[in-house]
Amino acid sequence: MAEGSRGVVRRIGLVEDHESVALGFAAMLADQPDLELAGTATTVSGLLEQVTDLDLAVLDLRLSDGSSPKSNVEQLRAAGLETLVFTGAENPYLLRSAARAGVLGVVRKSEPAAVVIEAIRVAAAGGQVASTEWAAAIDGDPELDDVGLSPRQLEVLELYASGEKLDRVARLTGLAPQTVNDYLQRIRQKYAEAGRPAPTKTDLYKRAVEDGWLPMPERSDVRRR
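Scoring rules and cut-offs
- Residues numbered from 1 in each chain as written.
- Predicted model: local features only at pLDDT ≥ 70, side-chain atom pairs only at ≥ 80, totals over all residues.
- Heavy atoms only, no water.
- UniProt positions renumbered as here; feature names shortened; annotations may be inferred.
- Helix = DSSP H or I, 4+ residues; strand = E, 2+ residues; numbered from the N terminus.
- Buried < 20%, exposed > 50% of the residue type's maximum accessible area, 1.4 Å probe, protein only.
- Contact = heavy atoms within 4.5 Å.
- Phe/Tyr/Trp six-rings, centres within 6.5 Å; stacked < 30°, edge-to-face > 60°.
- Axes fitted to C-alpha atoms, helices over the stretch in contact; angles between N-to-C directions.
- Left-handed = near helix turned anticlockwise from the far one by under 90°.
- Nonpolar A, V, L, I, M, F, W, Y, C, P; charged D, E, K, R; others polar.
- pLDDT = per-residue confidence, 0-100.
- Salt bridge = Lys/Arg side-chain N within 4 Å of Asp/Glu carboxyl O.
- Core = buried A, V, L, I, M, F, W, Y, C linked by side-chain atoms within 4.5 Å.

Caption draft 1: Geometry of the UniProt feature "modified residue: 4-aspartylphosphate" (unreviewed entry) in the chain. Under the feature "modified residue: 4-aspartylphosphate" (unreviewed entry), the UniProt entry names Asp-60. Along the chain, the position of Asp-60 falls in the loop between β4 (56-59) and α3 (69-78). Given the relative accessible area of 5%, Asp-60 is considered buried. Each residue touching Asp-60, except ones within four places of it in the same chain, is listed here: Val-15, Glu-16, Asp-17, His-18, Phe-86, Thr-87 and Lys-109.

If you want it as structure tokens, here you go:
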């Protein structure tokens, strides 16, 4: 944060890998005397190499380097930076992943410039940016009861439900195969107690997607002829 002739100036960093969006973002802030675009990069590490004395990092959820929202936000927070999500993505998994990582909110690229600027201004001052999408990402689907999995159980669920075999889950987690099996039995029990039975591996995958632990399968863009 800097002091300008017209008061406090908030320093903003942008992580965005689409040049046209980055140029539009820069133009949007150019006329704002209290907001300064101090750095732009296509990756989080690239931004942090440029500048770290920022009041806010603005982050696109889906970057071409394959990084996850969670890891990107954690990297920014480790550098002492709070984050606002700036995205056109509709994928609830990505939004929920960012929400769990502790960002200040989300604003869509399709919003009017005035809405985006106000969201940046609020977040740069340390405020939460409320929106319908953000509430949904934080709360999840209200019709789906929380089964209360532990971090270790979540780790096992994510690996196993994503397609890994039990023995490989054991190697990746450092657990004994029988321990992994015990975790899976307890996970299934918790889902059954919540009225959301998951007796098969496919059912576990569906539950993990419903709860935002695994990404929703992408729809194919290939049209049938």
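Still to come is the rest of the account.
Caption draft 2: Main features of the packing of aromatic side chains. Throughout the structure, instances matching the rule amount to 1 aromatic pair. Their ring planes at 55 degrees and their centres at 5.6 Å tell us that Phe-25 and Phe-86 sit as a pair that is tilted. A residue pair is termed long-range when its members are at least 10 positions apart, and Phe-25 in helix α1 (residues 19-30) and Phe-86 in strand β5 (residues 83-87) qualify at 61 residues. Owing to a relative accessible area of 1%, Phe-25 belongs among the buried residues under this scheme.

Caption draft 3: Up close: the environment of Gln-75. Position of Gln-75 among the secondary structure elements: in helix α3. For Gln-75, a relative accessible area of 33% corresponds to the partly exposed category. Remark: the alpha-carbon pair of Gln-75 and Val-44, spanning 31 residues in sequence, is separated by 7.5 Å.

Caption draft 4: Representation of the packing of helix α9 (residues 177-193) against helix α10 (residues 201-210) within the structure. Between α9 and α10, the shortest axis-to-axis distance is 12 Å and the interhelical angle comes to 65 degrees. For α9 against α10, the interelement crossing comes out left-handed. Contact with α9, carried on its side by Leu-184, Ile-187, Arg-188 and Tyr-191, involves Lys-201, Leu-204, Arg-207 and Ala-208 of α10 and no other residues of that element. Broken down by class, the residue content of the contact of α9 with α10 amounts to 5 nonpolar, no polar and 3 charged.

Caption draft 5: Spotlight on the confidence of the model for the chain. For the chain, per-residue confidence averages 85 on the pLDDT scale, and residues scoring 70 or more make up 84% of the total. Under a pLDDT of 50 for its full length, residues 219-225 has, in the predicted model, 0 contacts with residues more than four places off or in other chains.

Caption draft 6: Examining the pattern of salt bridges more closely. Counted under the stated rule, the structure contains 10 salt bridges. Among the salt bridges present, the one from Arg-11 reaches Glu-36, with a minimum N-O distance of 3.4 Å. Residue Arg-11 is located in strand β2 (residues 7-15), and its partner Glu-36 is located in strand β3 (residues 35-41); the two are separated by 25 residues in the primary sequence. Under the relative-accessibility criterion, Arg-11 is labelled buried at 16%. Glu-118 is the salt-bridge partner of Arg-121, the closest N and O atoms lying 3.4 Å from each other. Of this pair, Arg-121 and Glu-118 are both found in helix α5 (residues 113-124), 3 residues apart, which corresponds to roughly one turn of the helix. A residue is classified by how much of its surface remains accessible, and Arg-121, at 26% relative accessible area, is partly exposed. Glu-118 gets classed as partly exposed once you look at its relative accessible area, which sits at 40%.

Caption draft 7: Highlighting the nonpolar core. Core analysis: the largest hydrophobic core is formed by 21 residues, its most contacted members being Val-15, Val-44, Leu-47, Leu-59, Leu-61, Leu-76 and Val-85. The set of elements that each furnish at least two residues to this core consists of α2 (44-50), β4, α3 and α4 (92-101). Examining the composition of this core, we find that 4 residues originate from one element, α4, more than from any other. Not counting the four nearest positions on each side in its chain, Val-44 is found in contact with Val-15, Leu-59, Asn-72, Gln-75 and Leu-76.

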